[in-house]
Amino acid sequence: MMHTVSANTFAKINLNETDPVKSILQNVSIILRTFKGSCPMYRDFGIQTSLTDRPIPVVKALLYNAIREAIEKYEPRVEVAGIDFADGVEMSGVLEPIVEVNIINE
């Protein structure tokens, strides 16, 4: 079953989530909102942030690969089916990734 997740999907993080699907989707959301290097003792966790001052199409391509690799590494219970970005980036300059994932063995 396909699920859509963004960094803002879960307003509150529940570290004791008992529903396995919600837990997996929450983990993907945490990966999307965490900057690489920001977690003490776990510096490789998250998404690379050194993509500023580049053209939007270039950043989208680099982020696509970084997001896919991070999710595959830190949440192996999902397959990334697609990555898109929220509309309106030209005006705000902020890319908000929206990821479609398929939970393996759901």
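Residues numbered from 1 in each chain as written. Predicted model: local features only at pLDDT ≥ 70, side-chain atom pairs only at ≥ 80, totals over all residues. Heavy atoms only, no water.

(A) Region of the structure containing the overall build of the chain. A count of helices and strands for the chain gives three helices and three strands. Walking the chain from its N terminus toward its C terminus, one meets helices and strands in the order β-α-α-β-α-β. In terms of C-alpha radius of gyration, the chain reaches 14 Å, essentially the compact-globule figure of 13 Å for 106 residues. Among the 106 residues that make up the chain, the fraction classed as buried is 35%. Put simply, of all contacts in the chain between residues at least 6 apart along the chain, 48% involve residues at least 24 apart. Accessible surface computed for the chain: about 6,800 Å², of which carbon and sulfur atoms make up 54%. (Helix = DSSP H or I, 4+ residues; strand = E, 2+ residues; numbered from the N terminus. Rg over C-alpha atoms; globule rule 2.2 N^0.38 Å. Buried < 20%, exposed > 50% of the residue type's maximum accessible area, 1.4 Å probe, protein only. Contact = heavy atoms within 4.5 Å. Areas by Shrake-Rupley, 256 points an atom, 1.4 Å probe, with all protein chains shown as cover.)

(B) Structural context of the pattern of salt bridges. One pass over the structure, following the stated rule, counts four salt bridges. A salt bridge links Lys-36 to Asp-44; its shortest N-O distance comes to 3.4 Å. Looking at Asp-44, the relative accessible area reads 37%, which means it is partly exposed. The closest approach of N and O atoms between Glu-75 and Arg-77, which form a salt bridge, is 2.7 Å. (Salt bridge = Lys/Arg side-chain N within 4 Å of Asp/Glu carboxyl O.)

(C) Up close: the sheet that holds strand β3 (residues 97–103). With antiparallel pairing, three strands are arranged side by side in an open sheet as β1-β3-β2. At either margin of the open sheet sits one strand with a lone partner, and together these are β1 (2–6) and β2 (78–85). Taken pair by pair, the neighbouring strands of this sheet meet at an average axis angle of 25 degrees, ignoring direction. Packed on one face of the sheet, helix α1 (residues 20–33) meets β1, β2 and β3 and runs near 40 degrees to β1. Where helix α2 (residues 56–74) meets the sheet, its contacts fall on β2 and β3, and the angle it forms with β2 comes to roughly 160 degrees. (Pairing = 2+ DSSP bridges. Axes fitted to C-alpha atoms, helices over the stretch in contact; angles between N-to-C directions.)

(D) Region of the structure containing α1. The terminal C-alpha atoms of α1 lie 20 Å apart, and with 14 residues this matches the ideal 20 Å at 1.5 Å per residue to within 8%. Residues of α1 that are buried include every one of Ser-23, Ile-24, Leu-25, Gln-26, Val-28, Ser-29, Ile-31 and Leu-32, and no others. On its buried face, α1 sits against β1, α2, β2 and β3. (Expected span 1.5 Å × (residues − 1).)

(E) Up close: the confidence of the model for the chain. The predicted model of the chain has a mean per-residue pLDDT of 88, with 95% of residues at 70 or higher. Ranking the elements of the chain by mean pLDDT puts helix α3 (residues 89–92) last with 64 and β3 first with 95. (pLDDT = per-residue confidence, 0-100.)

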